[in-house]
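Analysis of the macromolecular model
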Amino acid sequence: MDRIVIIGAGQGGLQAAISLRQEGYTGALTLIGGEAGLPYQRPPLSKAYLKSGDAAALRLRPESFYDKNAVELVTETWVDRIDRAGRVVHAGDRSFAYDHLILATGTRNLRPPIPGAERCLDLRTLADAQTLRTVLDSPKRCAVIGGGFIGLEFAAVARGLGHDVTVAEAAPRLMARVVSPEISSYFKDLHKRLGTVLHLGDPAAEVTGAGMVLKSGTEVAADIVLMAAGVVPNAELAGEAGLEVNNGVVVNDRLLTADPDISALGDCAVFPDPTTGRPVRLESVQAATDHARLIAKRLIKGEDMPYAAVPWFWSDQADAKLQIAGLAAPGDATHRRADGAIFRFADARLSAVETVNNARTHMQARKALAGPDVSRAALAAVDYDFAALA
Ligand SMILES: Cc1cc2nc3c(=O)[nH]c(=O)nc-3n(C[C@H](O)[C@H](O)[C@H](O)COP(=O)(O)OP(=O)(O)OC[C@H]3O[C@@H](n4cnc5c(N)ncnc54)[C@H](O)[C@@H]3O)c2cc1C
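No experiment lies behind these values; they were computed from the predicted model shown. (Residues numbered from 1 in each chain as written. Predicted model: local features only at pLDDT ≥ 70, side-chain atom pairs only at ≥ 80, totals over all residues. Heavy atoms only, no water.)

1. Thoughts on the layout of surface pockets
Short version of the rule: Space inside and on the surface of the protein is sampled on a 1 Å grid over the protein atoms alone, with a cavity defined as a set of points where a 1.4 Å probe fits but cannot get out and a pocket as an open set with protein on both sides within 12 Å along at least 5 of 7 lines; lining residues have an atom within 4 Å of a point. Grid points are joined across faces, edges and corners, and a volume is the space filled by probe spheres set on the points. Each helix corresponds to a stretch of at least 4 residues labelled H or I by DSSP, and each strand to a stretch of at least 2 residues labelled E; elements are numbered beginning at the N terminus. Classification convention: Asp, Glu, Lys, Arg as charged; Ala, Val, Leu, Ile, Met, Phe, Trp, Tyr, Cys, Pro as nonpolar; all other residues, Gly among them, as polar. Domain start and stop positions are those given by an automatic or database domain assignment.
If you add up the space inside the second largest pocket, you get close to 330 Å³. Considering the residues around the second largest pocket, the lining is formed by 24 residues, among which Thr-275, Arg-349, Leu-350, Ser-351 and Leu-369 are closest to the centre. Secondary-structure elements contributing two or more residues to the lining of the second largest pocket are strand 25 (349-356) and helix 9 (359-370). Of the residues that constitute the lining of the second largest pocket, the class distribution is 14 nonpolar, 5 polar and 5 charged. Taken together, domain 1 (3-108 + 231-301) and domain 3 (319-389) each give at least three residues to the lining of the second largest pocket, which thus spans both.

As structure tokens, this is what we get:
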């Protein structure tokens, strides 16, 4: 293999380049990204960066890395077509030939079809975060559409900086898609304590020059409205090239599409969940980086291993660090341990553990979930104490 091209110079795309070189790949390596500048990490955009404005601290690797590792970084370049038969990708009048292609195109913000949505600000890219920082340089009334991780992280920082914040969430509870009702309730109390006004089960119906109007008719006066209502995978490129797309680029348990010359990873990839086999698409640094490592091992070392990493995730909201090990479905049962750790179960099997400011239990849970099945009965027998399992 002499030419590997990666589309998307974000967290996963860059990790793929790093891992390919680490595994001993010596051929040509091109990393193409639509954004300007060096690849950077997104998580701090809704956390530390909003406070510090330190863009250099976000860089995943220094400029010298690319020359030193012979990674051709092509920035501000949008790939618009994949020619699978010719094994070449096109970006305007430029083209890049490949022996293997890695799709790491991530996601973009969802724009729900509500009147005035075009007035909203976003928080996905460094450019978005820079705009928000500028806007927040004087006291503002901020409205947030979406009570998920990004909307709530922004809300916590904005409140901390002294701005007025109102969050509207369509679901009856916060972060409903991904956490238990107990954790939703913990964070509802936290944000209320911080002084954020929450409207749950009441989605934004319109964005106006004066703020937003909710479905209930409630008018929220605001100087800015942040849209944080979820994302859409950037999968059109793959779909137009005839690859299967279903809420993302569909790959098998080797993270390979139906085309043996094209892999996909990270936020844009739909892969079989190692435990349940159901197709999942994760939006996390962990998935993007672990996917990249597996693909590099397969391409360079010929290691034909199924993807089996335990998912994990974190979110910082004010002084609360939420950590999730594993992957629960919304209907999974919950058990609340005395210290507040939430154990989730799909039937009798542990599916996830959610903790707040409890890194020890989080790490224990990741270890346990990577081991042989941890059953509800086994955990109940030791009073949900991982240490006593051994
Ligand atoms: C504000 C914010 C906070 C977050 N906080 C956390 C957190 O606390 N913990 C956590 O685990 N995760 C967090 N995430 C999610 C995490 O950042 C993503 O899961 C991760 O970046 C996914 O990596 P990726 O490589 O798949 O996609 P990305 O990092 O999004 O990179 C995809 C890149 O591909 C480029 N691209 C797309 N199409 C093309 C094309 N046709 N041509 C060229 N380039 C293209 C895009 O411009 C983008 O730069 C956060 C995300 C955001 C936005």
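2. Structural notes on the environment of His-191
Considering the arrangement of structural elements, one finds His-191 in helix 6 (residues 181-194). Expressed as a C-alpha distance, the spacing of His-191 and Ile-295, which sit 104 residues apart in the sequence, is 40 Å.

3. Quick word on the site of the ligand
Rule in force here: Definition of nearness: a residue and a molecule or strand are near each other if at least one heavy atom of the residue lies within 4 Å of the molecule or strand. We call two N or O atoms a polar contact when they sit within 3.5 Å, provided that within protein one can donate a hydrogen and the other can accept it, with sequence-adjacent residues counted only if both atoms are side-chain atoms. Here the accessible surface of atoms and residues is derived via Shrake-Rupley with a 1.4 Å probe, and residues count as covered only by protein chains that are part of the display.
By nearness alone, 33 residues border the ligand, and Gly-12, Glu-35, Lys-47, Asp-267 and Ser-284 come closest of all. Within the backbone of Gly-12, a nitrogen or oxygen atom sits 2.7 Å from an oxygen atom of the ligand. One of the backbone nitrogen or oxygen atoms of Gly-34 is found 3.0 Å away from a nitrogen atom of the ligand. Considered on its own, the ligand offers 990 Å² of accessible surface; in the complex 96% of this is hidden by protein. Elements with a minimum of two residues in the shell around the ligand: helix 1 (11-22), helix 8 (285-301) and strand 21 (312-317). Looking at side-chain class alone, the shell around the ligand contains 13 nonpolar, 14 polar and 6 charged residues.

4. Details of the sheet that holds strand 1 (residues 3-7)
Strand pairing in a sheet takes place through backbone hydrogen bonds and is either antiparallel or parallel in direction. How we decide: Here, strands pair whenever DSSP counts at least two bridges between them. Only the stretch in contact is used when a helix axis is fitted, and all axes are lines through C-alpha atoms; the angle between N-to-C directions ranges over 0 to 180 degrees. For this analysis, residues touch if any pair of their heavy atoms sits within 4.5 Å.
Read across the open sheet, the 5 strands follow the order 3-2-1-7-18; overall the sheet is parallel. Of all the strands in the sheet, the pair left with one neighbour each is strand 3 (72-74) and strand 18 (262-264). On average, adjacent strands in this sheet sit at an angle of 15° to one another, irrespective of strand direction. Two elements, strand 1 and strand 7 (residues 100-103), share 4 bridges in a ladder whose sense is parallel. Note on strand 7: the bridge partner recorded for Ile-7 is Leu-103. Across the face of the sheet, helix 8 comes into contact with strand 1, strand 7 and strand 18 while running at roughly 175° to strand 7.

5. Examining the domain arrangement of the chain
Selection rule: Throughout, buried area stands for the accessible area (probe radius 1.4 Å) lost by two parts on being put together, summed over both. Salt bridge, as used here, is a side-chain nitrogen of Lys or Arg placed within 4 Å of a carboxyl oxygen of Asp or Glu.
Taken domain by domain, the chain holds domain 1 (3-108 + 231-301), domain 2 (114-227) and domain 3 (319-389). The interface of domain 1 with domain 2 comprises 18 residues on the first partner and 13 residues on the second. Interface area, domain 1 with domain 2, both sides summed: about 1,400 Å², of which 63% is carbon and sulfur. Counting the surface domain 1 buries against domain 2, the share from its top three residues, Ser-46, Tyr-49 and Leu-50, is 41%. Between domain 1 and domain 2 we count 2 salt bridges in total. In this structure, the connection of domain 1 to domain 2 is made through 8 residue pairs in polar contact (both at pLDDT 80 or more). If you list the elements that add at least two residues to the side of domain 1 that touches domain 2, you get helix 2 (48-52) and strand 8 (107-109). Looking at which element gives the most residues to the side of domain 1 that touches domain 2, the answer is helix 2, with 4 residues. When its residues are assigned to classes, the side of domain 1 that touches domain 2 shows 7 nonpolar, 4 polar and 7 charged.

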